[in-house]
Amino acid sequence: MASPSKGRVLLAYSGGLDTSCILAWLIDQGYEVLAFLADDFEAARKKALAVGAKKFILQDLKREFVTELIYPAMQANLLDFHFQNVYLLGTSLARPVIARGMIEAADAEGCDYVSHGCTGKGNDQVRFELAFYGLRPDIRVIAPWRIPEFYNRFPGRQALLAYAAEKNIPVQQTTAKPWSTDENLFHISYEAGILEDPNVTPPEDMWKLTKSLEDAPADPERLSIEFKGGLPVKVTTEDQKTLTDPVDIFLGLNALARKHGVGRIDIVENRSIGVKSRGCYESPGATILRAAHMDIEGLTLDRNVRALRDQFITIELGRILYNGSFFSPEREFVTSAIPASQRTVNGVVRLKLYKGNVVIEGRHSEEVS
């Protein structure tokens, strides 16, 4: 006779090494596990079910992510906010949308717990859990990387890889490439493994999204972005293709930036829990958008409005998102001021993409004609 389940768990699942091993481990512990993914990734669905998930729940949250998180962040110019002033907050921006989708799914499926694969030394555990509790204060969270039984069994990537082999879980990571990745529509991040040493140069085959500068096209590519109220409403490419839907615009800019090697950074961060940690990021389309938005603001935005926005909204909203306090009254207060700051940010910016660079070639606006 099968032992009774400890309860139903909804796991934030990516299809990667960590969450696949966590899925198998939770099942070993006696939980009934449902896997949740906020993007359409057929390989992840097949893997989750093969590992033993009772159900795979997919929510396509691209539109909410772009319109509710990415665009307001861009309007506030906080994509460059962080202690190093280069990190584009791609992970921080995605967590509120995923957490909200998970709580809705957990309620619908009658789950007793939610779970995530965030490490015990990162910021993501804080972001996920503050969002969970902000949306449903009575939800119970299983954080394996803070459970001694789990982290003592898996002290490093090699132990996870061995467990994956034991459970016949296919993974992209190998003993030669043991770094951890997290990918969403906005960006991909890399950490852990050989990247723990800040003086190790990331191997070229680590970078998944963007071409290297050596392999990027030898010829530049031009495009224009039209803004209304600080929001991108039309992208026109060099071959006169136009994009107007928010998701299409972001996906289109991602494709162009990847092709030309735009959006890579390698930094050591000061994390909110008090430790330094090395992270590598690719944020292709966002890098183009931010450059264009800042440029059109220079032409159209009143200097005093911009100063007030930069001194308050940019800093505070960046801190709120980075620290995981999206579902809070202070976030609502801060974001309510963004539309007023962007009323005059209307116009067109012309850009050139070349070998990792976003070059502004011109701009015009009826606001100053």
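As shown above, the structure is provided for reference.
What you are looking at is a predicted structure, and each value in this text was computed from that prediction instead of being measured.

Asker: Which parts of the structure should I look at to understand the sheet that holds strand 13 (residues 347–354)?
Answerer: Backbone hydrogen bonds are what pair the strands of a sheet, in a parallel or an antiparallel way. Across the sheet, which stays open at both edges, the five strands sit in the order 10-9-8-13-14 with antiparallel pairing between neighbours. The sheet is open, and its two borders are formed by strand 10 (242–243) and strand 14 (357–364), each paired with just one other strand. Bridge analysis of strand 8 (residues 221–228) against strand 13 gives seven bridges, and the strand direction is antiparallel. The residue of strand 13 that forms the bridge with R222 is K352. Across the sheet, helix 8 (residues 246–259) lies against strand 8, strand 9 (231–237), strand 10 and strand 13, angled at about 50° from strand 9, the strand it touches most.

Asker: Teacher, can you tell me more about the pairing of strand 8 here?
Answerer: Within a regular strand, the side chains alternate between the two sheet faces. For strand 8 and strand 9, the ladder comprises six bridges, and the chain directions are antiparallel. Among the inter-strand pairings, E226 is bridged to a residue of strand 9, identified as K234. Joining the antiparallel neighbours strand 8 and strand 9 is a turn of two residues, in which G229 adopts a positive phi near 60°.

Asker: How do you make sense of the sheet that holds strand 6 (residues 180–183) when you look at a structure like this?
Answerer: Ordered in space as 6-7-12-11, the four strands form an open sheet in which the pairing is antiparallel. At either margin of the open sheet sits one strand with a lone partner, and together these are strand 6 and strand 11 (264–270). Neighbour to neighbour, the strand axes of the sheet diverge by 25° on average, direction disregarded. Relative to strand 12 (residues 276–282), strand 11 runs antiparallel, the two sharing seven bridges. Residue pairing across strands places I265 opposite Y281, the latter belonging to strand 12.

What counts and how
Residues numbered from 1 in each chain as written. Predicted model: local features only at pLDDT ≥ 70, side-chain atom pairs only at ≥ 80, totals over all residues. Heavy atoms only, no water. Pairing = 2+ DSSP bridges. Helix = DSSP H or I, 4+ residues; strand = E, 2+ residues; numbered from the N terminus. Contact = heavy atoms within 4.5 Å. Axes fitted to C-alpha atoms, helices over the stretch in contact; angles between N-to-C directions.

That's the geometry; what it means functionally is another story.
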